[in-house]
Amino acid sequence: MLCLMLTVLAHLFPAAGAGEHERTFLAVKPDGVQRRLVGEIVRRFERKGFKLVALKLVQASDKLLREHYAGLRERPFYGRLVDYMRSGPVVAMVWQGLDVVRAARALIGATDPADAAPGTIRGDFCVEVGKNVIHGSDSVESARREIALWFRGEELLCWEDSAQHWLHE
């Protein structure tokens, strides 16, 4: 019930999604799933101290992917991107924590693996921009939109994370 209330509040009042209850959407792309990188990626976010509130393995539909990437529709690579994301299973996740959107982007690394720092997911595991292992929301607003596309409200679980008092004042 608390998760549902947080989700509703986040949509009604943008500031309600801030703080330790901020959420982001991540998706391990088909190349990451095929290369068996899901566990390593989950481990990095857990070790950082973020809380996993939803996770599922899906074969994304053309409709879902076109809606997810609607902002890129005019880009020359759009069709290839949708085809690539449809080429295999995707692991969709929602993570929660303090400033999680910005922190997740830092953990993921630059979109172009050639620009991604060592120690980031893309810096450690990617070679080309067309197969860059993971998607992460680029803003709190994008995270809300993407979470709503990939998950129903009841799929976002609330649970007490006993480590939180060791991470935050």
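The rules we used
Per chain, the residues get numbers from 1 upward, laid out in the order the sequence is written. Given that this is a predicted model, residues contribute local features only at a pLDDT of at least 70 and side-chain atom pairs are listed and counted only at 80 or more, while totals for whole chains, interfaces and linings are drawn from all residues. Excluding hydrogens and water, the side-chain values take into account all heavy atoms of the structure. UniProt positions are given in the numbering used here, feature names are shortened, and annotations may be inferred rather than shown by experiment. Under the scheme used here, helices are H or I runs from DSSP no shorter than 4 residues and strands are E runs no shorter than 2 residues, and both carry numbers assigned from the N terminus. Each residue gets one of three labels from its accessible area relative to the maximum for its type: buried under 20%, exposed over 50%, partly exposed in between, using a 1.4 Å probe on protein chains only. Working rule for contacts: check all heavy atoms of both residues, and any pair within 4.5 Å makes them a contact. Geometry of aromatic contacts follows a simple scheme: Phe, Tyr and Trp rings, the Trp one being its six-membered ring, pair when their centres are within 6.5 Å, and the pair is stacked under 30 degrees between planes, edge-to-face over 60, tilted otherwise. By the criterion adopted, a ring carries a charge over it if an Arg CZ or a Lys NZ lies within 6 Å of its centre and within 35 degrees of its normal. For two strands to be treated as a pair, DSSP must find no fewer than two bridges joining them. By convention a nonpolar core is built from buried Ala, Val, Leu, Ile, Met, Phe, Trp, Tyr and Cys residues, the set being connected through side-chain atoms within 4.5 Å. The term salt bridge refers to a pairing of a side-chain nitrogen on Lys or Arg with a carboxyl oxygen on Asp or Glu at a separation within 4 Å.

The protein is annotated in an unreviewed UniProt entry as Nucleoside diphosphate kinase from Vulpes vulpes. Database annotation for the protein, UniProt heading Cofactor (unreviewed entry): "Mg(2+)". Database annotation for the protein, UniProt heading Sequence similarities (unreviewed entry): "Belongs to the NDK family."

### A look at the environment of Gly-32
Secondary-structure assignment places Gly-32 in helix 2 (residues 30-34). Of the residues examined, Gly-32 reaches a relative accessible area of 0% and is grouped as buried. Here the alpha-carbon distance between Gly-32 and Asn-132, two residues 100 residues apart in the chain, equals 8.0 Å. Residues contacting Gly-32, with those up to four places away along its chain left out, are Leu-37, Val-38 and Val-133.

### As for the packing of aromatic side chains
Going through the model one piece at a time under the given rule, you end up with 2 aromatic pairs. Over the aromatic face of Phe-151 sits the side chain of Lys-56, whose NZ or CZ is 4.7 Å from the ring centroid.

### Considering the UniProt feature "binding site: ATP" (unreviewed entry) in the protein
In this numbering, the UniProt entry assigns the feature "binding site: ATP" (unreviewed entry) to Lys-29, Phe-77, Arg-105, Thr-111, Arg-122 and Asn-132. Tracing the backbone shows Lys-29 in the loop between strand 1 (23-28) and helix 2. Look at Lys-29 and you get buried, because its relative accessible area is 8%. The residues contacting Lys-29, other than those within four sequence positions of it, are Tyr-69, Tyr-84, Met-85, Pro-89, Arg-122, Asn-132, Val-133, Ile-134 and His-135.

### Regarding the pairing of strand 3 (residues 90-96)
When you tally the buried positions in strand 3, you get 7 out of 7 residues, the bulk of the element. Here strand 3 shows two buried faces, one formed by Val-90, Ala-92, Val-94 and Gln-96 and the other by Val-91, Met-93 and Trp-95. Alignment of strand 1 against strand 3, held across 6 bridges, turns out to be antiparallel. Across the sheet, residue Ala-27 finds its bridge partner in strand 3, namely Ala-92. Bridge count for strand 2 (residues 51-58) against strand 3 is 7 bridges, and the pairing is antiparallel. Considered in strand 3, the bridge of Leu-55 is made with Met-93.

### So, the nonpolar core
Judged by nonpolar contacts, the single largest core of 23 residues is most densely connected at Ile-41, Phe-45, Met-93, Trp-95, Ile-121 and Val-133. Elements supplying a minimum of two residues to this core: strand 1, helix 3 (38-48), strand 3, helix 6 (100-108) and helix 7 (121-125). Here the element with the most residues in this core is helix 6; it accounts for 5 residues. When residues no more than four places from it in sequence are discounted, the contact partners of Val-133 are Ala-27, Val-28, Lys-29, Asp-31, Gly-32, Arg-35, Leu-37, Ile-41, Tyr-84, Ile-121, Phe-125 and Cys-126.

### Some points on the pattern of salt bridges
Per the stated rule, a full pass over the model turns up 10 salt bridges. Between Lys-56 and Glu-155 there is a salt bridge; the shortest N-O distance is 3.3 Å. Residue Lys-56 is found in strand 2, and its partner Glu-155 is found in the loop between helix 8 (140-150) and helix 9 (164-167); the two are separated by 99 residues along the sequence. Measuring nitrogen to oxygen at the nearest pair gives 3.8 Å for the salt bridge that ties Glu-155 to Arg-152. Residue classification places Glu-155 among the partly exposed positions, given a relative accessible area of 22%. Bridged by salt links that share partners, the residues Glu-40, Arg-43, Arg-44 and Asp-124 form one connected network.

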